[in-house]
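As a plain string of letters, each chain reads:
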Amino acid sequence: MDKVQIALQNKFKKNNKLATTTLRKANQFDCLVVLIGTSHTSNIGIQKGFQQWYLGCELMDCILIMSKKMLCIIADEVMFQKLKHLSDIKMKTFTIFFLIKNIKKNNHQQFQFALERLRKEYPSNNYRLALNLSDGQKSPLITEFNQFIDQNHLIKVDCTSFLKELINNDNKDIFEYYNTCGKINSYYMKFMSQRIELAIKFNENTTNYSITQAVKREKSSDLNQMAIRRKFGLQGNYDILSSTVQSGGQYNVSASESTQSRLVGDVVIYSFCCQYMQSQSYCTRTLLFQPNQELEQIYRVILNVHAFALGLVKEDIQFKQIYRETQNIWETIFKDDQEMKLKFPTDIGYLIGSQMLIDNHNTESIQDRMAVVIRMFVDNILVQLPFYPERTNIAICLADTIFVVSGIEDCVITKAEKEFTFVSYQPTEEGERFFKSTFQKTENSDVLHQSERITREQFEQAELNKIKNDQEKLKEIKQYELEVRLNDQQTRQEPKLLVKMDQLQTFQKEDQFDQYPMGEIAVDQDKSAILIPIRGTHYPFHALTIQNVSVKELPNGSGEITIRFWTNEFHIDTREFPPMDQDQMFLKEITLRNQEFIKLQDIENEINVCRDDARRKQIEKQMEVDKFDFVIEKLTVLPKNSPCLSKVYMRPTQSQKTRSPEGFVECHENGFRYKSARGEVIDFTFTSIKHCFFVSPEDEVIACIHFIFKMPIKCGKILFSQIQFYRDIEGASEQEAARKKVRLFDIDHVFDKKVQDRRLEELKNFESFIQQSEQYYKRFNIKFERLEKQYSFEGNYAKERVVFQPTQSCLVNIVDQPFFTLTLENVDIMCCERVQEETISFDLVAVLKDLEAQVIRIEAIDREDLKKIQQWLNKKKILFFQTTSGLMWRNMQFSIQKDFPLFVYDGGWATMMKDHMEHAPIQQFNDEPLFEPDSSNGPTSVSEFEFEQDKKNNKYLHLQKDDESDFSDLVDSEDIMSELDIQERRKRKKVKYNFID
């Protein structure tokens, strides 16, 4: 028995208990009889709602006789197939009888059996039967039953009020079934619209029928079924009743399936109907491509009239009243256009499960628990479409499903997007001439579709214009943000670092570092010291005195390392140098050589780690914060039943060469605990977590949860800044290559069933652990972020080929080692370097708001990923630039640090990057479009709302180069610059920002 049958059985048991309890309390009758007629038109009213509520389906030409201890169903075999889920139900005090009716009007034996069972339960001669008399049900079986009642002198009692009171107790549950069905409908409507737009955009050899086939393949995939059930919380399976796509001037309101004609991008009407738990939903939308003002105006009128008709649907209103009031609105709008006035449809919808139309003649009323479709189909609209030489007839259709329930106001269950979809662009004159020359009339008066080259260019140009407009707005916001930072005297996101060079200390005596071998550079992390051999002796240098380190490979595998130091010639406010005598001087840089280049690379990494650690210690010391505050917080362990994820491995490990032993992760009241098979225990609290990610096994070869900490945590003798707990998906790595070969309209590729089952199993385990742990970590504002696979790209970082994948707040690589994490809120701007027509790759540089920190550089990114990256940056509202050459970012950062007010005054990043940006438009793109455009806001230091409000109030001045008099308002009162100071600074910078690498 499948899950649907089990769900229907549980529902029947629950509702049957309520029905029998209510029946015992009613003293007006002895049993309940529900008469169901033959025709669909009679199958309305409260008894239809009772069928859905009690049986979970709708029947025809049958009789239900229910008492406190039994249920007799008299129907044919076809109806009993719908009630198959009731045949296996076993209840102690309640019995179900299936009596097959006789087609030749001789059912006296069936009626007598039901009466005998009733007499055993109620020994009496005058039985009171509660019937739904007001519905007027008609059929030969009902006529024969009425004669049987009269012959046996049974008393009839109207049960309409009783049925309504009974099923109203479960209105919200029934509405949830319809609402869930509507969500499934909206999901597939979005899927269809994306497929249609992609097919037209890239001019795939696609027909209307192939789109509906793609929908069926999507539904038949077990992986997709699992995802949809998880997303909407389904109790069982769902069915697709119909799916149609119409285009190219061939439109039919009653079309049941798509044609084999080619999909044409002018006006596309697509619809979808599905069924879940015996509830149905139907939805229709219209896509307009490249609409002109006339077509847009007509669509909006139909959209508003459709919304008006939806608002009229309520209980006890007649169908003809809905039609007439909607028609009056239509005629009022088009009172001056007689042609459009006459195009109002003959009906504006129908009742689901029947042939009853919402037209000018139907006097039936809408009752509780009715599902109604409101549909506006307007045909033969004569408009001028782009690239068509003559005015063309089109159709526009919108349809939504409403499930009328007492006590619930918003009953529209289909929520698919109604706004028209189009790309707003103007073709070039050359392209326009090309279209006019290639259009030809056929016998069917169809117009040929435009060429792929023109379509691709126009769509790309539209996306390009959107990115350009958004980036222009971001330049203003970024300039505003710089002005705020200048006003607050904050040139970095983190607390300002101030180092007094004469107070830095490492070792007190020489014998404290005797253990280090002579002739080699040594790094002492605890003392924040770098020991450099000079003339046979180690000299200790504090890590904060070092500006940067670089290595260079020489012939024969040797290399040299250059260490540069801070000196008083930089004049930056983060270093305070003591006064020096004339005989004293600073050490500016030192270069050493070694026969092993790889060893020098390791030394460079150790020095950089020591510098970062020393800088962090200095900031914490200034803020008087104990660096291990969060570690001192003890983990509050739950006594029992804590969420647990077993059989996981940890990365990284204390020994990078060996795999960690198997262990388990537990979630406790204020943190997580990991315990390995060797007995190693790692505790970390929620307050120590900066970011956490979940990698789904659906698209990767592992399933894992990954944590990044605000401060490193100690595991044994090693400090870890991030930890990952993962499981391998057996066999998934072999099939990763096969997955990438699946084409857009050929997604029925069959993967290994065992691997697919393993993926689903791991997905269920990890999601269950995250969901159970949510009750503990939710109050700490912790959220597991997921990878955005559509924006992933490959590049070189730290001499490794890495796959970078964005999340909601970061850019990460956590599937493979070494791990990489870039927090987007720390990024000031990004720059795409070396973007040229003749090159096949480019570099991406992230400049941090902390101007002292080194830029993050990702090299050798494929040129095909340029559009994807720019769309992602624009989506996250990150200002980016594009240059044809590489830039010396360290020199640019020094220049900004030396004179940050002048940097802001001259226009900030927009002015500095102007000379290096490519004057040609952003490069044309060749990769596939994104499936789901996302309008979520990325992290910015200053919100757009604050920017607009302060701009109106003139809180901060948006200075121009020629406006020198107001510059003094941007700096502190203690450092007011005079006009002479500004002119002097400008003289010193005659050639500004010339930092080409």
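Residues numbered from 1 in each chain as written. Predicted model: local features only at pLDDT ≥ 70, side-chain atom pairs only at ≥ 80, totals over all residues. Heavy atoms only, no water.

Selection rule: UniProt positions are given in the numbering used here, feature names are shortened, and annotations may be inferred rather than shown by experiment.
Looking up the protein in an unreviewed UniProt entry gives the name FACT complex subunit, with the organism given as Paramecium octaurelia. Regarding the protein, the relevant UniProt record gives this comment under Subunit (unreviewed entry): "Component of the FACT complex."

## Focus on the overall build of the protein
Note the threshold: The numbering of helices and of strands both runs from the N terminus, where a helix is a DSSP run of H or I of at least 4 residues and a strand a run of E of at least 2. Burial status follows relative accessibility: with a 1.4 Å probe on protein chains alone, a residue under 20% of its type maximum counts as buried, one over 50% as exposed, and anything between as partly exposed. Whether two residues are in contact is decided by their heavy atoms, any of which lying within 4.5 Å being enough. Only the protein chains shown count as cover for residues, and all accessible areas are computed by the Shrake-Rupley method using a 1.4 Å probe.
Within the protein, the secondary structure is distributed over 24 helices and 36 strands. The buried share among the 997 residues of the protein stands at 52%. Of the contacts formed within the protein by residues at least 6 apart in sequence, a portion of 68% connects residues at least 24 apart. Accessible surface for the protein amounts to roughly 49900 Å². Of this, 46% is attributable to carbon and sulfur atoms.

## So, the pattern of salt bridges
Pairs can form between side chains of opposite charge whenever their charged atoms are close. Applicable threshold: Salt bridge, as used here: a side-chain nitrogen of Lys or Arg that lies within 4 Å of a carboxyl oxygen of Asp or Glu.
Taken as a whole, this structure holds 30 salt bridges when the rule is applied. The salt bridge involving Glu-788 is made with Lys-876; its shortest N-O contact spans 3.7 Å. Of the two residues, Glu-788 sits in the loop between strand E28 (784-786) and strand E29 (793-797) while Lys-876 sits in the loop between helix H19 (866-875) and strand E36 (880-882), which places them 88 residues apart along the sequence. Owing to a relative accessible area of 14%, Glu-788 belongs among the buried residues under this scheme. Residue classification places Lys-876 among the buried residues on the basis of a relative accessible area of 2%.

## Thoughts on the nonpolar core
Filter applied, for reference: Residues belong to one nonpolar core when they are buried, are Ala, Val, Leu, Ile, Met, Phe, Trp, Tyr or Cys, and are joined through side-chain atoms within 4.5 Å.
In terms of nonpolar packing, the biggest core is built from 48 residues, with Ile-302, Trp-330, Ile-366 and Ile-381 touching the most fellow members. Contributions of two or more residues to this core are made by strand E8 (267-276), helix H10 (293-312), helix H11 (319-333), strand E11 (370-383) and strand E12 (392-404). Residues contacting Ile-366, with those up to four places away along its chain left out, are Val-313, Lys-314, Glu-315, Asp-316, Ile-317, Phe-319, Ile-322, Val-372 and Val-404.

## Looking at the side chain of Glu-666
Heads up, the condition is: Asp and Glu count as negative and Lys and Arg as positive, but His and the ends of the chain are not part of the count. Pairs of N or O atoms within 3.5 Å make up the polar contacts considered here, provided that, within protein, one atom can donate a hydrogen while the other can accept it, and that residues adjacent in sequence are counted only when both atoms are side-chain atoms.
Within the secondary structure, Glu-666 is located in strand E22 (residues 663-667). Salt bridges are absent for the buried Glu-666, whose nearest opposite-charge side chain, Arg-673, sits at 5.6 Å. Here the side chain of Glu-666 touches His-668 through a polar contact of 3.0 Å, side chain to side chain. Non-local contacts of Glu-666, meaning those with residues more than four positions away in its chain, are made with Ser-642, Pro-643, Cys-644, Gly-671, Phe-672 and Arg-673.

## What about the sheet that holds strand E16 (residues 537-542)?
What counts, and what does not: Two strands are said to pair when DSSP picks up at least two bridges between them. Every axis in this analysis is a line fitted to C-alpha atoms, fitted for helices over the stretch in contact. Angles between the N-to-C directions lie between 0 and 180 degrees.
In spatial order, the strands read E14-E15-E16; together these three strands make up an open sheet with antiparallel pairing. Strands with a single pairing partner mark the edges of an open sheet, and in this sheet they are strand E14 (522-524) and E16. Mean inter-strand twist for the sheet, computed between neighbouring axes without regard to direction, equals 30°. With six bridges connecting them, strand E15 (residues 529-534) and E16 associate as antiparallel partners. Bridge pairing in E16 places Ile-530 opposite Phe-541.

## Considering the packing of aromatic side chains
Cut-off, in case you're wondering: By convention, a stacked pair of Phe, Tyr or Trp rings (six-membered ring in the case of Trp) has centres within 6.5 Å and planes under 30 degrees apart, an edge-to-face pair has planes over 60 apart, and any other such pair is tilted. In this scheme, Lys NZ or Arg CZ marks a charge over a ring once it lies within 6 Å of the ring centre and within 35 degrees of the ring normal.
Inspection of the entire model under this criterion finds 33 aromatic pairs. When the centroid spacing of 5.2 Å and the interplanar angle of 50° are considered together, the rings of Phe-686 and Phe-780 count as tilted. With Phe-686 in the loop between strand E24 (681-685) and strand E25 (689-695) and Phe-780 in the loop between helix H18 (753-777) and E28, this residue pair connects regions lying 94 residues apart in the sequence. Residue classification places Phe-686 among the buried positions, given a relative accessible area of 2%. In this structure Phe-780 comes out as partly exposed when scored by relative accessible area, which is 28%. Their ring planes at 40° and their centres at 6.0 Å tell us that Phe-900 and Phe-903 sit as a pair that is tilted. Here Phe-900 pairs with Phe-903, and both are found in helix H21 (residues 900-905), just three residues apart, close to one helical turn. The side chain of Lys-219 reaches across the aromatic face of Tyr-238, ending 5.4 Å from its centre.

## A few points about the sheet that holds strand E21 (residues 644-651)
The sheet built from eight strands is open, its strands ordered E24-E23-E22-E21-E27-E26-E25-E28 with mixed pairing. Both edges of this open sheet fall to E24 and E28, since each of them pairs with a single strand only. Direction aside, neighbouring strands of the sheet carry axes that sit 30° apart on average. Direction of pairing for E25 relative to E28: parallel, over a ladder of three bridges. Residue pairing in the sheet places Cys-692 in a bridge with Phe-784 of E28.

## Observations regarding the packing of H10 against H11
The line we're drawing: Roughly parallel covers angles under 35 degrees, roughly antiparallel covers those over 145, roughly perpendicular covers 65 to 115, and oblique covers all other angles. Put simply, a crossing is left-handed when the front helix is turned counterclockwise from the back one by less than a right angle, and right-handed when it is turned clockwise. Each residue is assigned to one class: nonpolar for Ala, Val, Leu, Ile, Met, Phe, Trp, Tyr, Cys and Pro, charged for Asp, Glu, Lys and Arg, and polar for all the others, Gly among them.
Packing of H10 against H11 brings their axes to within 10 Å, and their N-to-C directions diverge by 155°. Here H11 runs roughly antiparallel to H10, going by the angle between their axes. Regarding H10 and H11, the two cross each other, and that crossing is right-handed. Contacts from Val-301, Ile-302, Val-305, Phe-308, Ala-309 and Leu-312 in H10 reach Ile-322, Glu-325, Thr-326, Ile-329, Trp-330 and Ile-333 in H11. Taken together, the residues of the contact of H10 with H11 sort by class into ten nonpolar, one polar and one charged.

## Structural notes on the environment of Arg-651
Tracing the backbone shows Arg-651 in strand E21. On the basis of relative accessible area, Arg-651 is assigned to the buried category, the value being 14%. Placed 73 residues apart in sequence, Arg-651 and Gln-724 show a C-alpha to C-alpha distance of 5.1 Å. Excluding anything up to four places from it in sequence, Arg-651 contacts Ile-702, Gln-722, Ile-723, Gln-724, Tyr-726, Ile-814, Val-815, Gln-817 and Phe-819. At 2.5 Å, the side chain of Arg-651 forms a polar contact with the side chain of Gln-724. A polar atom in the side chain of Arg-651 sits 2.9 Å from the backbone oxygen of Val-815.

## So, H11
An α-helix turns once every 3.6 residues. As a result, residues three or four positions apart point the same way. The condition that has to hold: Every helix has an expected span of 1.5 Å times one less than the residues it contains. In this description, the arc belongs to the directions extending from the helix axis to the C-beta atoms.
The end-to-end C-alpha distance of H11 is 22 Å, a good match for the 21 Å that 15 residues give at a rise of 1.5 Å each. All of the buried residues along H11 are Phe-319, Ile-322, Tyr-323, Thr-326 and Trp-330. Along the axis of H11, the buried positions cluster into a sector of 95°, meaning they face one direction only. Those residues of H11 hidden inside the fold are in contact with H10, helix H12 (338-341) and E11.

## Examining the pairing of strand E5 (residues 128-131)
Taken together, the three bridges between strand E1 (residues 31-36) and E5 define a ladder with parallel strand orientation. Paired with Cys-31 across the strands is Leu-129, a residue of E5. As paired strands, E5 and strand E6 (residues 155-158) are joined by four bridges and run parallel to one another. Bridge assignment links Leu-129 to a residue of E6, and that residue is Lys-156.

## With respect to the environment of Phe-903
Assessed through its relative accessible area of 2%, Phe-903 is described here as buried. The sequence separation of Phe-903 and Leu-486 amounts to 417 residues, and the corresponding C-alpha distance is 9.9 Å.

## Description of the confidence of the model for the protein
Quick reminder of the rule: Across the chain, each position has a pLDDT score giving the predictor's confidence in that residue, from 0 to 100.
For the protein, mean pLDDT is 76; residues scoring 70 or higher make up 76% of the total. Low pLDDT (under 50) marks residues 40-44, which in the prediction has 20 contacts with non-local residues, meaning those over four places away or in another chain.

## Comments concerning unusual backbone geometry
Residues Arg-651 and Pro-652 are joined by a peptide bond in cis, for which omega reads -10°. The omega torsion of the bond from Gln-817 to Pro-818 falls at 0°, within 30 degrees of zero and hence cis. Backbone geometry at Ala-860 places phi at a positive 55°, although glycine is not the residue there. With respect to the helices and strands, the residue Ala-860 is situated in strand E35 (residues 856-862). Judged by relative accessible area, which is 23%, Ala-860 ranks as partly exposed.

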